[in-house]
Amino acid sequence: MVPPPRTPRDTMSDDRTLDAAFLGPLGENADLLERLVVDALRDHTYWRRNFHPEDAPTIPATAALDPAYQDVVARTSHALHRLAADLKRSVPWFSPRYVGHMASDLLLPGLVARILATLYNPNNVSEDAGGPAVGMELAVGRQLAAMFGMAHDPSRDPCAWGHLTSGGTIANVEGLWNLRAVRMIPLAVDAALAEQGYTVLDDGTPVGRAAGSLANLSIEDALAFRVAALRTAASERGAAGAAALHRSIEAARIEAMGHRTFLERFGLHDPVVVAPASAHYSWSKAMKLLGLGAAQLVPVHVDAHMRLDPGDLEVVLDRLAADARPVLGVIGVLGTTEFGTLDPIDALVRARDQRAGLGQAFGVHVDAAWGGYLASLFRAPDGTLVPRDALSERFRYFPSAAVYDAFAALAHVDAITVDPHKLGFIPYPAGAFVTRHRQLAHLLTESAPYVFDEHGTPDVAAPPDLTALGRYILEGSKPGAAAASVHVTHEVMPLHVDGFGRLIARTIHACESFFDRVRSLAIQLAPVATLTVPFEPDSNVVCLGVNPVGNADPATMNRFMRALFATMSFTPREPLQVHDFIGSFTSIAPSRLTPDNRARLCAELGLHDDDGTEAVFLLRHTLMNPWLLRPMDSERDWVDGYLSFLQTAVERLCSTDRARWSA
Ligand SMILES: *Cc1c(COP(=O)(O)O)cnc(C)c1O
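What comes next is a walk through the structure. (Residues numbered from 1 in each chain as written. Predicted model: local features only at pLDDT ≥ 70, side-chain atom pairs only at ≥ 80, totals over all residues. Heavy atoms only, no water.)

Compared with an ideal rise of 1.5 Å per residue, which puts 22 residues at 32 Å, helix H1 (residues 30-51) spans 32 Å between its outermost C-alpha atoms and is within 8% of the ideal. Regarding H1, the residues found buried are Leu-33, Val-37, Ala-40 and His-44. End-on view of H1: buried residues confined to an arc of 55°, all on one side of the axis. Within H1, the exposed residues directed more than 90 degrees away from the buried face are Asp-31, Glu-34, Arg-35, Asp-39, Arg-49 and Asn-50. Where H1 is buried, its residues contact helix H3 (108-120). (Helix = DSSP H or I, 4+ residues; strand = E, 2+ residues; numbered from the N terminus. Expected span 1.5 Å × (residues − 1). Buried < 20%, exposed > 50% of the residue type's maximum accessible area, 1.4 Å probe, protein only. Arc of directions from axis to C-beta. Contact = heavy atoms within 4.5 Å.)

Tallied over the entire structure, the rule returns 28 salt bridges. Notably, a salt bridge pairs Asp-353 with Arg-352, separated by 2.9 Å at the nearest N-O pair. On the basis of relative accessibility, which here comes to 47%, the residue Asp-353 falls in the partly exposed class. By relative accessible area, Arg-352 is classed as buried at 9%. Within this structure, Glu-220, Arg-352, Asp-353, Asp-414 and Arg-436 form a network of salt bridges that share partners. (Salt bridge = Lys/Arg side-chain N within 4 Å of Asp/Glu carboxyl O.)

Turning our eyes to something else, we now look at the sheet that holds strand S12 (residues 584-588). Judged by pairing direction, the sheet is antiparallel, and its four strands sit side by side in the order S10-S11-S13-S12 without closing on themselves. Edge strands, defined here as strands with exactly one partner in the open sheet, are strand S10 (529-532) and S12. On average, adjacent strands in this sheet sit at an angle of 30° to one another, irrespective of strand direction. By the bridge criterion, four bridges tie S10 to strand S11 (residues 541-548) in an arrangement that is antiparallel. Looking at the pairing, Ala-529 lines up with Pro-548 of S11. (Pairing = 2+ DSSP bridges. Axes fitted to C-alpha atoms, helices over the stretch in contact; angles between N-to-C directions.)

Time to look at the sheet that holds strand S2 (residues 272-276). One open sheet holds the seven strands; their spatial order is S1-S7-S6-S5-S4-S2-S3, and the pairing between them is mixed. Each having just a single partner strand, strand S1 (161-165) and strand S3 (297-300) make up the two edges of the open sheet. Across the sheet, the mean angle separating the axes of adjacent strands is 20° when strand polarity is ignored. Two elements, S1 and strand S7 (residues 431-435), share five bridges in a ladder whose sense is antiparallel. Its bridge partner lying in S7, Leu-164 is registered against Ala-432.

Attention now goes to unusual backbone geometry. Peptide bonds are trans in most cases, and residues, glycine excluded, mostly fall at negative phi. Omega for the bond connecting Phe-398 with Pro-399 falls within 30 degrees of zero, at -15°, which places this linkage in the cis form. Turning to its location among the elements, Pro-399 is positioned in the loop between helix H14 (388-392) and helix H15 (401-408). In the segment running from Tyr-428 into Pro-429, the intervening peptide bond is cis, with an omega of -10°. In this structure, Pro-429 sits in the loop between strand S6 (415-418) and S7. In this model, Ala-324 sits at a positive phi of 55°, which is unusual for a non-glycine residue.

Surveying the vicinity of the ligand reveals 15 residues, the closest of which are Gly-168, Thr-169, Asp-367, Asp-419 and Lys-422. Separating an oxygen atom of the ligand from a side-chain N or O atom of Asp-419 is a distance of 2.6 Å. Side-chain polar atom of Lys-422 to an oxygen atom of the ligand: 2.7 Å apart, as the coordinates give it. Ranked by residue count, the leading element in the shell around the ligand is helix H6 (residues 168-195), at three residues. (Near = heavy atom within 4 Å. Polar contact = N/O pair within 3.5 Å; in protein donor to acceptor, adjacent residues only side chain to side chain.)

The next point concerns helix H19 (residues 595-605). Burial in H19 covers these residues: Asn-597, Arg-598, Leu-601, Cys-602 and Leu-605. Viewed along the axis of H19, the buried residues span an arc of 135°, placing them on a single side of the element. Opposite the buried face of H19, by more than 90 degrees, sit the exposed residues Pro-595, Asp-596 and Ala-603. Residues of H19 that are buried sit in contact with S10, S11, helix H18 (554-566), S12 and strand S13 (616-622). Following H19 by one or two positions, Gly-606 has its phi on the positive side, about 75°.

For the rest of this paragraph, the subject is the packing of aromatic side chains. Within this structure, the stated rule accounts for 20 aromatic pairs. Aromatic side chains Trp-47 and Tyr-120 sit 4.5 Å apart centroid to centroid with 55° between the ring planes, which places their arrangement in the tilted category. Taken together, the positions of Trp-47 in helix H1 and Tyr-120 in helix H3 put the pair 73 residues apart, joining distant regions of the chain. Relative accessible area serves as the criterion here: at 28%, Tyr-120 is assigned to the partly exposed category. Ring geometry for Phe-565 against Phe-585: centres 4.9 Å apart, planes inclined by 65°, an arrangement best described as edge-to-face. Remark: Phe-585 occurs in strand S12 and Phe-565 occurs in helix H18; sequence separation between them is 20 residues. Assessed through its relative accessible area of 37%, Phe-585 is described here as partly exposed. An aromatic cluster is built from Phe-378, Phe-395, Phe-398, Tyr-404 and Phe-407, whose rings are joined through pairwise contacts. Sitting above the plane of the Phe-581 ring, Arg-97 keeps its charged end 5.5 Å from the centroid. (Phe/Tyr/Trp six-rings, centres within 6.5 Å; stacked < 30°, edge-to-face > 60°. Lys NZ or Arg CZ within 6 Å of the ring centre and 35° of its normal.)

The next point concerns the nonpolar core. Of all hydrophobic cores here, the largest spans 74 residues; its most connected members are Leu-144, Phe-148, Ile-345 and Leu-377. If sequence neighbours within four positions are ignored, Leu-144 has contacts with Tyr-373, Val-418, Ala-432, Val-434, His-490 and Leu-495. In terms of nonpolar packing, the next biggest core, distinct from the first, is built from 55 residues, Ile-185, Leu-201, Ala-242 and Leu-444 among them. (Core = buried A, V, L, I, M, F, W, Y, C linked by side-chain atoms within 4.5 Å.)

Below, the structure is given as structure tokens:
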């Protein structure tokens, strides 16, 4: 149930700190953007001239007089005009009239940094191609880790590390790649030790443990086992012995042998990954891509709030334990793509820690592609967690106890996906992968596992040299301009409650206000249609279902919803202005809900839940535009404006336009 609303201390809608941070719906800050971009362009040119000012000009000034030169200039101008014309049919993310997908206006610091850095074209595959942008990328990784509460001081272990990807999809693939590597490596280490004739490690660990127990070491224990093995080899047989063991381990790994040979060798069943039914489809892609098989992605039910059901997780894990299936990881979603709902990350961490003690280990990867930046609200400038009471004062409902506990637990998960190009308001492409275990990077590279100290002794526990980024990650050449963009944004708006948190707070205020006003709209629409919010918003995404009065048939409601969505859908084939507002939709397939939840949803909408084959079509609103609570005209803000647009559309479909949906 929704608790009674509090009166927020300060809704901050008049706070001017964000006014300089965006170009603005009408380009209000055009002069500022122009000044910054022109400054950037000029500065770049001076850089070129100062490289070797003694060089003679390569392109003579007279070239511009040549017809061939002029022809290229003319064709360039023409092509750019065409492009500008074509781009005008793009999605107007910037506008408060856009409440659809997970994008909005771009933060100006990030946008200008991106343009400026693109002129230098840094390639963050490595430091000798990316220059200073590689350091920025690694710093961004530490900033994100700090926002999540993970240890991030590179001078000591344990230390998190993170880097940018092209998006959440790649970060998720990388999460799985890391999980497979670390969860399966103890088997390879043990086999290699046996092969090289070791019987016991210096720390007393015996060689030759059962495969079932090697496949159930926690991530920390797995990493420590590998280091202890290399250390034993180095101390007993010197650098050559450590190198020989390393080669042997690499050859015995699942990545080297292939799944079938590896699993047969150790007599293991196919490993699985556990994820809520609400997980993004990139997880299924990742399972296919890594050859684990989409069938090995085991679903957990979601509850009535569209959050992973911890009770069902226990049932699923018990069954997997009984079947001796190694569990690579359990995925939690922090901000489902369709509903913005947040899984109980604290429950996943508890389950991981309890089960590791019972001989069933797994990692916890949080897919916070959407919700990751919400964590900035929970972090005080001094790095501590903001107490729940202090946060609650600022909002009407947020954060519920469940939501607060989920964010507080992020410090303890194993890895996190977060998309700066979603709730970070950064240009595409910018996703990120962050892991609490820097040492994991050693498992992903082909190069030597250790460095030598000044005495020539191998240091098998040395931190990885992360400036050679491309060695440890999925991608090769990649835009350093993305790193520059995120880095500058975080510098202007640090990842804490008084920095980036102000922007995030806006999105939540807009959502709370939207939610309250939807409930009054539901009362006004009651004579013609049932309007419901099927899942209370956990953050800043709200879905709505609308069913005309008198209809109990899911298929008919879906036709109605499609007709309603047609009044606010975007297509590049129509002039942008044909719709006053633009939204998005989602449909919930019956397979993604438990029968109970499906029945509840149908009852709320006044539908009978016949054979349960029909998906339920919903309007989906991402309320991330920073200006939604600013005036649209003299009487209304943008939320009012949208809801009265919606009211008119529903009333019209229920009267004059009935033919558009009724059979
Ligand atoms: C958007 C999203 C993804 C995919 O991220 P891309 O940046 O689009 O590749 C993955 N998981 C969740 C929860 C998302 O919201």
